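Reading the structure
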Amino acid sequence: MERITSIRGFRDILPGESEKWQFVEEKAREIFGAYGVREIRIPILEKTDLFRRGIGETTDVVEKEMYTFVDRGEESLTLRPEATASVIRAYIEHNFFETDPVTKLFTIGPMFRRERPQKGRYRQFHQINVEMLGYEDPRIDGELISMLMLFLSELGIGDLDLEINSLGCADCRPVFREEVVRFLDHREESLCPDCRRRLQTNPLRVFDCKVETCREAVREAPVILDSICAGCRDHFEKVKELLDALAVPFRVNPRMVRGLDYYKRTAFEVIGHSLGSQNAVAGGGRYDGLVQELGGPDIPGIGFAIGFERLVSMLPGDETSFSSKPSLYIATLGTAAETFAFRLLHDLRKTGLQAETDYSGKSLKAQMKRAGRSGAPYVLIVGENELAEGAVVLRNMGAGTQEKVAISELHAKLKEIFHAR
RNA sequence: GUGGGUGUAGCUCAAAGGUUAGAGUGCCGGGUUGUGGCCCCGGAGGCUGUGGGUUCAAGUCCCAUCACUCACCCCA
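Just so it is clear, the model here is predicted, and its values are computed rather than measured. (Residues numbered from 1 in each chain as written. Chains lettered and ligands numbered in written order. Predicted model: local features only at pLDDT ≥ 70, side-chain atom pairs only at ≥ 80, totals over all residues. Heavy atoms only, no water.)

1. Brief notes about the layout of surface pockets
Applied cut-off: Only protein atoms enter the 1 Å grid, on which a cavity is a set of points fitting a 1.4 Å probe that cannot get out and a pocket is an open set with protein on both sides within 12 Å along at least 5 of 7 lines, lining residues being those with an atom within 4 Å of a point. Grid points are joined across faces, edges and corners, and a volume is the space filled by probe spheres set on the points. Only runs of H or I of at least four residues qualify as helices and only runs of E of at least two qualify as strands under DSSP, and these elements are numbered from the N terminus. Polarity classes work like this: nonpolar for Ala, Val, Leu, Ile, Met, Phe, Trp, Tyr, Cys and Pro, charged for Asp, Glu, Lys and Arg, and polar for all others, with Gly in that last group.
Taken as a whole, the second largest pocket holds about 470 Å³ of empty space. Of all the elements in the fold, those that place two or more residues in the lining of the second largest pocket are helix 2 (48-55), helix 7 (172-185) and helix 12 (290-293). A total of 4 residues in the lining of the second largest pocket trace back to one element, the largest contributor, which is helix 2. When its residues are assigned to classes, the lining of the second largest pocket shows 10 nonpolar, 6 polar and 9 charged.

Below, the structure is given as structure tokens:
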């Protein structure tokens, strides 16, 4: 029979890696909990218009990366390419703002973008998202960013750079945008084809183009931090002061722009140097105006997304530090021993002990070999003779010692060794 | 969407165009050992990604296609 494989860009998270995912999720709940950030679980399918309006019609994500289809001739649906729009949709739909002036939410789950896969980039990938809604005060910016950095450092991840910038607001960004367009129009000759296109669609993106001639052209261009309005400048200065006050190291990158339209004012990115080309492990920013844009009241917000796969790939420690081994292996000889072992396994597992045995009728020697290779620290040997004596043999594989344990005392003995329930 | 690299045993990889495609590891069985990881012996496991072409002869060269992978692009 021909084999059916997984879809391009979609991958399986196998045992060995899935334990790392659990570790990260537990840590997220622990740290976010201290900041009063509560979990929200949202659908992975939404109406296409949510993303068109939320992310922006002319963004690459909306223009050419979404998995969009018509649902049985009814309406256009899209597998979510990011989470913020969905979280805001739920926030508005359930009227959070009526009961809670401040709402802090996180969600973890798969996102879908139809890009060409490469290292750290898959068509189904996963994000941890945090959104904090209701405060315009820069202290919430400081809280969110420092929480992110704390989370990353608690996971033991080093070699990270935090970059921040201000993108201006609805008042000053359009002005700056015009300035940039005027400036670049004179230099269109020296821009790469991509950037000529960007000039029409998203001129600010020319700033982080990697083509040398474009970098030249932009060198003398107006800088957004010089052009933003007094309110935005003040906000940005405060954010920097707050990060300094918490001793969170950062670097201002005036060329950083974001690919999603909703970002305003504070924008930030965490760069992981071991990641290769796709080196952003987390990114986010303020999105004042988005709630209103999606039909809610005028409530400010800020959030970030962490790339789960990229995060896991940066986790310290090898596979073995996350792998699971049985605590006890039961080797049997004869039918009566097999029956005894089957019931014993059930009882031990009820107490939370990870125990294993063999059902294929292998020789005792083969079972001992398998026990040795499984890495189980203890092996229980149950034979006909042992059962007749009313005592089984417990071997300590590490110490190379063994002792006879009366069956009547077996449970107590194992509880003592493994601290089981 | 555009480029580059790679496709051989479950996994990691060999095999100047020339017999029956090999090794390590893993798996199964046996031997040795204080009933155990080490060591020794044996076994199973392959349409060499797929389809064409060149040649007396193709895993090897050419074309196409698919997959994986890295980079551009984009983003987390």
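2. A closer look at the pairing of strand 11 (residues 301-307)
Going by this rule: Per-residue accessibility, obtained with a 1.4 Å probe over protein chains only, is compared with the maximum for each type, and a residue is labelled buried under 20%, exposed over 50%, and partly exposed between these values. Two strands make a pair as long as DSSP finds a minimum of two bridges between them.
Burial runs high along strand 11: 7 of the 7 residues are buried. Side chains G301, G303, A305 and G307 project from strand 11 onto one buried face, and the interleaved I302, F304 and I306 project onto a second face that is buried too. Where strand 6 (residues 124-133) meets strand 11, 7 bridges bridge the pair, whose relative direction is antiparallel. The partner of M132 across the bridge, within strand 11, is I302. Of the strand pairs in this sheet, strand 10 (residues 280-286) and strand 11 are connected by 5 bridges, and their pairing is antiparallel. Among the inter-strand pairings, G284 is bridged to a residue of strand 11, identified as F304.

3. Regarding empty space enclosed by the protein
A full pass over the atoms with the stated rule returns 2 cavities of 30 Å³ or more. The computed volume of the second largest cavity comes to approximately 30 Å³. Along its surface, the second largest cavity is lined by F176, L204, F207, I224, P254 and V257. Grouping the constituent residues of the lining of the second largest cavity by class yields 6 nonpolar, no polar and no charged.

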